[in-house]
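What follows is the residue order along each chain.
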Amino acid sequence: MKTIFRTLGLAGLLAGLLSLASGATMTMNGMISDSACGASHAKMMAEHKDAKMTDKDCTLACVKNGGKFVFVSDGKVYNITNQDFAAVRQYAGQTVSLTGDMNGETITVAKVAAKK
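In terms of regular secondary structure, the chain is built from 4 helices and 5 strands. Going from the N terminus to the C terminus, the chain shows its helices and strands as α-β-α-α-β-β-α-β-β. Relative to its full complement of 116 residues, the chain shows a buried share of 32%. Long-range pairs, those at least 24 residues apart, make up 64% of the contacts in the chain with a sequence separation of at least 6. Element-wise, carbon and sulfur atoms account for 58% of the exposed surface of the chain, whose accessible area totals about 7500 Å².

See the structure below:
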């Protein structure tokens with residue numbers, strides 16, 4: 001009988017630890033940006049003022065030149081793990097509602113919708 005309770009207790013403990021290890025699914029509002037610009041494209045736009053780029057153009061150009069897509073919400077920059085998620089590129093430089101699994105400062109995107 002003690003063995004059964006011990007086994008059930010260990011199984012419960014293991015299940016609890018595994019649930020903590022996975023990220024929490026969250027939906028947040030913010031902007032899809034790039035790692036070079038982060039929360040603001042102002043500095044990069046000032047350096048390339050003759051280019052007349054939009055935030056989307058700037059984000060895509062920075063990613064093309066080696067930057068990574070990031071998500072900025074309330075001034076905090078989150079790294080995006082699944083860089084090839086189609087909607088991330090589609091909504092680059094735009095304010096969106098993003099749903100994904102959060103793990104610290106990293107998010108795995110599951111859904112992106114335009115913010116109205």
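Positive phi, normally seen in glycine, also occurs at Asp74, with a value near 50°. Positionally, Asp74 belongs in the loop between strand E2 (69–73) and strand E3 (76–80).

Reading around the barrel, the 5 strands line up as E1-E2-E3-E5-E4 and close back on themselves, with mixed pairing between neighbours. The sheet shows a mean angle of 50° between the axes of neighbouring strands, taken without regard to direction. Of the strand pairs in this sheet, strand E4 (residues 95–103) and strand E5 (residues 106–114) are connected by 8 bridges, and their pairing is antiparallel. Looking across to E5, one finds that Val96 is bridged to Ala114. Strands in contact with helix H3 (residues 55–64) are strand E1 (24–34) and E2; relative to E1, the strand with the most contacts, it is inclined by about 95°.

Now for the side chain of Ser33. Within the secondary structure, Ser33 sits in strand E1. Within the structure, the side chain of Ser33 is placed 2.7 Å from the backbone oxygen of Gly38, a separation counted as a polar contact. Among residues more than four places away in sequence, those in contact with Ser33 are Gly38, His41, Thr59, Lys68, Phe69, Val70 and Val72.

Reading the values: the criteria
Residues numbered from 1 in each chain as written. Predicted model: local features only at pLDDT ≥ 70, side-chain atom pairs only at ≥ 80, totals over all residues. Heavy atoms only, no water. Helix = DSSP H or I, 4+ residues; strand = E, 2+ residues; numbered from the N terminus. Buried < 20%, exposed > 50% of the residue type's maximum accessible area, 1.4 Å probe, protein only. Contact = heavy atoms within 4.5 Å. Areas by Shrake-Rupley, 256 points an atom, 1.4 Å probe, with all protein chains shown as cover. Pairing = 2+ DSSP bridges. Axes fitted to C-alpha atoms, helices over the stretch in contact; angles between N-to-C directions. Polar contact = N/O pair within 3.5 Å; in protein donor to acceptor, adjacent residues only side chain to side chain.

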